[in-house]
Amino acid sequence: MIFTEPIFFLFLAFTFSTYWFLRKHRELQLFLLLGASAVFYGWWDARFLALITFVILVSWVTALFAKTRPAGEKTRRLVLTLGIAVCLAVLGIFKYFDFFAESSHAMLSALGFNPGWTAVNILLPVGISFYVFQAISYIVDTARGDLAAEPRISRVALYIAFFPQLVAGPIVRAASFFPQMDRTPKFSRALLASGFKAFLLGFIYKAGLADNLAPFVDPVYNDDLSNWSNSALIGATIAFAAQIYFDFAGYSLMAIGVARWFGFFIPKNFEYPYASSDLADFWRRWHISLSSWLRDYLYIPLGGNRGSNLMTYRNLMATMVLGGLWHGAAWTFVAWGAMHGAGLAVHRYLFGRAGRWIGVAASLIVTQLFVLLTWVPFRADSFDDAMNVWFAFTGLRESGPNMLPAAVWFIPLLLALDAALGRKRLVNLKKTAFGNPLAYWGGLGVLVGLLLAFYPLDAQPFVYFQF
Amino acid sequence: MNWVFILFAVVALAFGHLLRVSNRSSLLLGFGTFLAGLIASIALVRVFTERADIVRATGFDGILNHGLERAAMDDAPIIVFSGASYSRNGIDADRLTTLLRARGYPHRVINLSMEAGSLMERREYIELFMERSPKTPDTFFIEIAHETDYKPAFIFGNSKFSNRAINQFDVNATAWTLAGFKDGGCVGLADCIKQIGLLGAHAVLNTMNIGVLSQGEPRSEVDTLKPYEGPTEARDDIPAGERNASLSAGKAREAQDGPNWALSVRQLQREYLSTKGVEKIGYYFPPVVPEDLRTYSASLCEGELSAFTCIVADDPTLLAKLDQPVWQDRTHLLADGAKIYGDWLIEELIASGILGPEEIAP
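Residues numbered from 1 in each chain as written. Chains lettered and ligands numbered in written order. Predicted model: local features only at pLDDT ≥ 70, side-chain atom pairs only at ≥ 80, totals over all residues. Heavy atoms only, no water.

Undergrad: What's the story with the overall build of chain A in this structure? I'm lost.
TA: A count of helices and strands for chain A gives 18 helices and 0 strands. For chain A, the C-alpha radius of gyration of 23 Å lies close to 23 Å, the compact-globule estimate for 467 residues. Over its C-alpha atoms, taken along the principal directions, chain A stretches across nearly 70 × 65 × 45 Å. Sorting the 467 residues of chain A into buried and exposed places 56% on the buried side. Taking the contacts inside chain A whose residues are at least 6 apart along the sequence as the reference set, 76% of them involve residues at least 24 apart. A total of about 19,700 Å² of accessible surface is found on chain A, and carbon and sulfur atoms cover 68% of it. Of the charged side chains in chain A, 36 are positive and 25 negative; the average position of the first set lies 16 Å away from that of the second. (Helix = DSSP H or I, 4+ residues; strand = E, 2+ residues; numbered from the N terminus. Rg over C-alpha atoms; globule rule 2.2 N^0.38 Å. Buried < 20%, exposed > 50% of the residue type's maximum accessible area, 1.4 Å probe, protein only. Contact = heavy atoms within 4.5 Å. Areas by Shrake-Rupley, 256 points an atom, 1.4 Å probe, with all protein chains shown as cover. Lys, Arg positive; Asp, Glu negative; His and termini not counted. Charge placed at Lys NZ, Arg CZ, Asp CG, Glu CD.)

Below, the structure is given as structure tokens:
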């Protein structure tokens with residue numbers, strides 16, 4: 001079930017009311033959430049429950065074992081490595097086995113060999129990329145001493161499988177989540193209101209905007225691109241940039257809102273990335289939970305920027321390439337990651353850690369143009385298609401006949417408006433009419449009426465579910 | 001529509017970012033204000049979509065547009081057949097037009113039929129056709145079937161919460177459907193609770209305009225859809241013995257009226273068509289294998305609809321010709337079956353006198 005489907009609201013209503021009914025029994029509340037999470041995840045496919053249970057067991061056992069051993073001991077390091085390796089192996093098998101099998105098959109065939117293996121079409125469990133990373137976060141955080149290993153498997157299970165953020169993040173750090181399980185939250189109107197605000201904005205992003213942007217994107221990218229004009233390819237790419245942002249940011253906001261209703265605070269995952277004026281800043285605003293995870297668990301352990309410039313560039317490339325691969329088992333995602341890695345390396349080389357050679361406006365344009373061009377391989381089905389679209393940007397491509405509606409060129413204005421309103425650049429509205437009760441409730445009624453009219457009857461899954 | 005989306009997106013983003021609840025708000029006043037805002041925006045969307053003729057497009061809109069296209073092709077008088085899937089499979093309008101013209105009748109046949117077309121849905125599309133057609137049909141034939149008389153919410157068995165299902169249940173259709181449930185349209189307490197529950201949900205979704213702007217497009221821009229597709233592959237294998245027994249089972253027609261609600265709907269429909277200038281209204285039912293379904297429609301012809309031209313495919317000669325593998329399943333014809341039925345139907349139409357005298361010299 002996805003957050004915008006009616007069945008989710010029924011599920012949420014039951015879980016929410018039961019949770020607060022049990023407000024004097026914290027352990028029961030947590031067990032309820034665990035059960036609800038199992039139902040939520042099993043709704044996708046009950047078979048997936050076995051795999052997530054395995055990952056939970058591995059991380060729980062690994063952390064507990066490491067707790068019993070002195071830091072630095074060889075056996076401890078071995079078990080920790082094994083625990084992380086098993087989690088990564090699960091991800092590798094279910095997400096990347098077919099990719100590597102097909103790629104190596106193609107490569108060997110091109111070299112004149114005839115490998116006997118083929119892809120086995122392994123079903124990709126939804127959310128695996130997210131919960132494996134959370135499991136690794138738990139193992140590493142306990143190993144580092146940021147968090148004590150938890151003897152109760154139910155708590156570890158809830159951390160890894162907490163339904164608001166299970167299938168598409170945000171990736172929550174163990175060190176920030178576990179203390180929240182120990183605290184008994186207090187039901188309050190403020191809690192409801194803040195959760196509702198996040199959920200409502202997320203719902204607007206996802207159901208109101210992202211799903212209604214799909215008609216600008218899919219007819220182009222899912223078709224033979226030669227049918228489409230250069231402006232259509234450019235327009236569809238712009239629309240995709242908006243779609244993926246509203247889709248993913250929307251899901252994250254809804255997850256944050258839902259979690260808040262249960263007294264859990266999940267960090268924000270997006271901070272108006274299309275307002276960033278350099279690439280490093282973009283990655284501090286886009287999918288913040290993933291980029292910070294990669295920074296803390298991959299980039300810094302590799303050496304970060306502590307070594308020479310060349311080592312830093314290597315670390316940036318490795319981190320971003322793997323980050324690209326995390327998004328999907330296809331070379332187009334690897335290319336996307338590599339482009340961003342190269343872009344970050346160039347940014348570091350040209351600008352150092354501070355200062356710019358060009359003004360903010362120019363820097364913003366260059367950065368956003370770069371980001372837009374990198375969305376092309378992310379969305380395209382193949383490199384041929386990606387090249388087709390890139391050539392459209394240069395004008396060096398024979399334009400096809402089909403055009404997109406002119407309204408597509410106003411999509412960037414929506415992103416600008418979103419950033420301006422969200423960052424309170426337009427007006428600070430603490431004391432405006434929107435805070436007035438009548439204006440609030442009346443405005444909410446109008447908004448709900450409009451959202452219903454734009455509600456996607458054919459519920460689109462979240463774009464990031466495929467990751 | 002795209003500009004409507006952009007406008008909506010601006011408004012939604014503004015509201016989403018700017019709305020902030022005040023701790024001073026009273027729940028009752030808040031709820032009342034919320035309801036007022038909701039009703040205002042629902043009304044606004046409804047007025048806009050009706051003025052701009054924006055609908056959640058369905059196949060029936062495509063069939064409507066196809067029919068309108070056909071009606072505008074020439075000055076010939078029009079015969080319209082309005083039915084459900086029995087008719088969608090059985091009425092090859094283009095072929096019937098050719099046959100009629102070969103027999104000296106200038107009429108153009110239009111098939112306005114869609115599978116799972118309930119009485120209410122077909123009523124709506126008949127009215128839409130009448131409003132948009134470049135000329136008034138000379139003759140209207142309306143399908144009569146047990147299934148649509150006794151399953152007012154037929155669509156729930158096919159596609160609940162689809163565009164078609166939501167479109168169908170406006171206030172008027174909901175009221176009639178409830179009347180249909182009262183007249184035997186639901187069987188047993190559990191079924192009635194389920195049907196009424198679904199009806200209520202769909203009526204609410206219809207009222208709230210759900211998805212009308214995300215799925216919507218101007219009705220006139222919906223791509224045309226040919227009603228008759230001439231299927232050539234059977235869905236069910238009907239044993240020859242069963243087919244023969246059913247098709248050769250003759251039961252005398254006993255005069256019967258349909259359930260009150262269906263009787264009333266047909267009466268109002270005739271009044272509507274008459275006020276719109278349709279002078280000739282008839283009823284029909286294509287061939288089916290199950291004898292009880294044929295008998296039901298035939299009995300309506302003897303009873304409720306005895307004053308009208310009523311052509312039910314229970315002629316033994318016709319049924320004997322259909323006693324071969326010309327069936328898609330027990331209630332729908334394949335293309336070969338539709339040809340046999342079409343030949344017979346033309347003779348019946350001519351014999352009934354409803355078409356008037358020949359106008360084209362043979």
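After that view of the structure, there is still more to cover.
Undergrad: Help me understand the interface of chain A and chain B, please; the structure alone is not making it clear to me.
TA: Chain A puts 49 residues into the contact, and the matching count from chain B is 42 residues. For the pair chain A and chain B, the two sides together bury roughly 4,500 Å², of which 78% comes from carbon and sulfur. On inspection of chain A and its partner chain B, the count reaches 0 salt bridges. Secondary-structure elements contributing two or more residues to the side of chain A that touches chain B are helix H9 (189-221), helix H17 (411-422) and helix H18 (437-454) of chain A. Looking at the side of chain A that touches chain B, the element that brings in the most residues is H18(A), giving 18 residues. (Buried area = accessible area lost by both parts, 1.4 Å probe. Salt bridge = Lys/Arg side-chain N within 4 Å of Asp/Glu carboxyl O.)

Undergrad: Can you walk me through the pattern of salt bridges in this structure?
TA: Between side chains of opposite charge, a pair can form as their charged atoms come close. Residue and element names in this part refer to chain B. In the structure shown here, the tally under the stated rule is 36 salt bridges over all chains. The closest approach of N and O atoms between lysine 151 and glutamate 147, which form a salt bridge, is 3.5 Å. Here lysine 151 falls in the partly exposed class, since its relative accessible area comes to 40%. Taking the relative accessible area as the measure of exposure, glutamate 147 reaches 26% and is therefore partly exposed. Among the salt bridges present, the one from arginine 330 reaches glutamate 242, with a minimum N-O distance of 2.7 Å. With arginine 330 in the loop between strand E8 (327-329) and strand E9 (332-333) and glutamate 242 in helix H11 (residues 240-248), this pair connects stretches of sequence that are 88 residues apart.

Undergrad: What am I meant to see in helix H8 (residues 174-182) of chain A here?
TA: Because an α-helix packs 3.6 residues into every turn, residues spaced three or four apart end up facing the same way. Residues and elements named next belong to chain A. Taken as a whole, H8 has its buried residues at Ala174, Phe177, Phe178, Gln180 and Met181. Buried residues of H8, viewed axially, fall in a sector of 160 degrees; they line one side. Where the residues of H8 are buried, they touch helix H2 (26-44), helix H5 (128-144) and helix H6 (153-161). (Arc of directions from axis to C-beta.)

Undergrad: It is not clear to me how the environment of B:Pro325 should be interpreted in this structure. Could you clarify?
TA: Residue and element names in this part refer to chain B. Checked against the element boundaries, proline 325 lands in the loop between helix H14 (316-321) and E8. Exposure remark for proline 325: the relative accessible area of 68% places this residue in the exposed category. Among all residues touching proline 325, those that are not within four sequence positions of it are Arg243 and Leu334.

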